[in-house]
Amino acid sequence: MIVVSNRLPFVLVRDKDGNLKRKASAGGLVTAVAPVVINGNGLWVGWPGIHLNDPTEPIPESDPNDITPTAGLKSDKVVAVQMDPVMFDSYYNGCCNATFWPLFHSMPDRATFKGEHWKSYVKANKEFADCTIKALESLPPCTGNNDMPLIWVHDYHLMLAANWIRQAAEERELKCKLGFFLHIPFPPWDIFRLFPWSDEILQGMLGCDMVGFHITDYCLNFVDCCQRNLGCRVDRKNLLVEHGGRTVRVRPLPIGIPFERFVELAEKAPRVLSTNQKIILGVDRLDYTKGLVHRLRSFEKLLEKYPEHIEKVSLLQISVPSRTDVKEYQDLKEEMDQLVGRINGRFTTPNWSPIRYIYGCVSQDELAAFYRDSAVGLVTPLRDGMNLVAKEFVACQINIPPGVLIVSPFAGAGETMHEALICNPYEIDDASDVIHRALMMPEDERILRMNYLRRREKLNDVNYWTKSFLSAMGSLVTQDEQDDVG
Ligand code: GDG
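Residues numbered from 1 in each chain as written. Predicted model: local features only at pLDDT ≥ 70, side-chain atom pairs only at ≥ 80, totals over all residues.

Engineer: I'm lost on the nonpolar core in this one. Help?
Structural biologist: Soluble globular proteins tend to pack their nonpolar side chains together in the buried interior. Residues Val4, Val45, Phe222, Leu405 and Ile406 are the most contacted members of the largest nonpolar core, which totals 134 residues. In this structure Val4 touches Val45, Gly46, Phe128, Thr132, Ile151, Trp152, Val153, His154, Leu158 and Ala161, once residues within four positions along its chain are discounted. (Core = buried A, V, L, I, M, F, W, Y, C linked by C-beta atoms within 7 Å. Buried ≥ 20, exposed ≤ 12 C-beta atoms within 10 Å, placed from the backbone. Contact = placed C-beta atoms within 7 Å.)

Okay, here's the thing in structure tokens:
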């Protein structure tokens, strides 16, 4: 397998002597995908998080004490994509984060459309495609369909790359299967078509054999766009798109989390929250899609409408700094700071503050303890591809009786986590009622709902997601096929 993603599964940093070192990334995606790449002797193509003056500078091996999932990824299995820093900035901060991120989250007013950002996006995708082809050429030639290399391209940064990879592979008579997974929503046609180069995006993605999204709605949006923009013949029931004489499969593949790892963390993590108040927990990157301002207003409304919660309940909001050099994100931080100050100024008593606000990152252990010991998990994005926090919260809810998950219907998680309380973040008044209901929910109902939620996430964990992707690509032989062969 060759995985292609904007970032490698680790970043490179320089130590004080100027030597390059790997710094591991601990996300669930890396944990699930890295073993597949390592065990299958595969490769990972991506940007290493640093611009190297000398692009031939060798990638260091992992530290001998490294126990993270990428430790076994040897440097000759890593392709570090390098680009001119100005071009990279225009591709990444410009086209990816200032255009696709807001547009695909159905917030077109926040999106900028600049020809020069688009040109950089095209160039960057070409660079990723060229590096992937070189990686493909370095693999031993395949002998049949069973050992055909699988190229798995990730996310909105790389929506054009697949088509170039296909064309170049065909020219060189290299066989491969191509799959793509989008981690954010795919918007409806009337939003998508606002992007001036929307046809090119679809053509890029249709270079794949299979395109995966978190939920069926995003699949249907994509199929719809292919039909209406490009005039493709489509099959909505079986989620198929005909393009360039090929049939592309479209599949809902909802991502999961490393469930057992979170359970273990929750079992071991020491208690950090005091027991005399109920905690409502929010954990998000500080991003305008996460509905943080609406969330604070709903909490303020709760205290206004249900004063019995004063001095009994606090909102603990962890906001991880994100894209801090972008103005929109700086403005959001300012707005949050002011709102937290205003609400705390309005309701704080000598012994209690309504909001505890952490602007920063907490450790995995601490996070697991917060998830475990909170009474309510409040996951209320305005729009979100899936949302892993909702899943991590239920994995860590090992106390009996457990707490309650509240989730927005506009997150992928809201589609699949049926036993959560659903809350429309735009309806501030109604949202405050839902939070009140969660705080007042009887124990037996909490147990019942949480049991179902945990069971589903345990079964559909991130390893299940990786397997589903591989099986949708047809590269995992099913038991029946194996029996036939055997
Ligand atoms: C994109 C899509 C989709 C957060 N704070 C801390 C911390 N985190 C970790 C959480 C969780 C991750 O960050 C956030 O994941 P989300 O899924 O909520 O959101 P995005 O970053 O926007 O991810 C999203 C996802 O891709 C996967 O496909 O679900 O919809 O937008 O894992 O635990 N981790 C630590 N400290 C923190 O303070 N250690």
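Read on, since the account is not over.
Engineer: How should the sheet that holds strand 13 (residues 313–320) be read in this particular structure?
Structural biologist: To summarise the sheet geometry, strands pair through backbone hydrogen bonds and adopt either a parallel or an antiparallel arrangement. If you walk across this open sheet you meet the six strands as 14-13-12-15-16-17, and the pairing is parallel. Two strands bound the open sheet, and with one partner strand each, they are strand 14 (355–359) and strand 17 (421–422). Docked against the sheet, helix 14 (residues 428–440) engages strand 12 (278–285), strand 13, strand 15 (376–379), strand 16 (404–407) and strand 17, running at close to 165° with respect to strand 16. (Pairing = 2+ DSSP bridges. Helix = DSSP H or I, 4+ residues; strand = E, 2+ residues; numbered from the N terminus. Axes fitted to C-alpha atoms, helices over the stretch in contact; angles between N-to-C directions.)

Engineer: Teacher, can you tell me more about the environment of Asp190 here?
Structural biologist: Residue position: Asp190 is located in helix 5 (residues 189–192). In this structure Asp190 comes out as exposed when scored by C-beta crowding, with 12 C-beta atoms within 10 Å.

Engineer: Explanation requested: helix 4 (residues 161–171) in the structure shown.
Structural biologist: For an α-helix, 3.6 residues make a turn, and residues three or four places apart therefore share a direction. For helix 4, every residue scored as buried is listed here: Ala161, Ala162, Asn163, Ile165, Arg166 and Ala169. Those residues of helix 4 that are buried are in contact with strand 1 (2–7), helix 3 (115–137), strand 6 (150–154), strand 7 (177–181) and helix 6 (198–205). Phi turns positive, to about 55°, at Glu173, one or two residues after helix 4.

Engineer: Help me understand the packing of helix 8 (residues 259–268) against helix 12 (residues 388–396), please; the structure alone is not making it clear to me.
Structural biologist: Interaxial distance between helix 8 and helix 12 falls to 8 Å at its minimum, and their mutual angle equals 50°. Taken as axis vectors, helix 8 and helix 12 run oblique relative to one another. Of the two elements, helix 8 crosses helix 12, and the hand of that crossing is right-handed. Together, Phe259, Phe262, Val263 and Ala266 of helix 8 and Glu392, Ala395 and Cys396 of helix 12 make up the contact between the two elements. (Parallel < 35°, antiparallel > 145°, perpendicular 65-115°, else oblique. Left-handed = near helix turned anticlockwise from the far one by under 90°.)

Engineer: It is not clear to me how the site of the ligand should be interpreted in this structure. Could you clarify?
Structural biologist: Every one of the 19 residues lining the ligand counts as a neighbour, but His183, Cys361, Gly385, Met386 and Leu388 are closest to it. Secondary-structure elements contributing two or more residues to the shell around the ligand are strand 12, strand 13, helix 11 (364–373) and helix 12. Residues that form the shell around the ligand fall into these classes: 11 nonpolar, five polar and three charged. (Near = placed C-beta within 6 Å. Nonpolar A, V, L, I, M, F, W, Y, C, P; charged D, E, K, R; others polar.)

Engineer: In this structure, what is going on with the pairing of strand 15? I would like to understand it.
Structural biologist: Successive side chains on a regular strand alternate, one facing one side of the sheet and the next facing the other. Side-chain alternation along strand 15 places Val376 and Leu378 on one buried face and Gly377 and Val379 on a second face that is also buried. Examined bridge by bridge, strand 12 and strand 15 share two bridges and lie parallel to one another. Bridging across to strand 15, Ile280 finds its partner in Val376. As paired strands, strand 15 and strand 16 are joined by four bridges and run parallel to one another. Across the sheet, residue Gly377 finds its bridge partner in strand 16, namely Leu405. Between strand 15 and its parallel partner strand 16, the chain crosses via helix 12, and the hand of that crossover is right-handed. (Right-handed = clockwise from strand over helix to strand, strands pointing away.)

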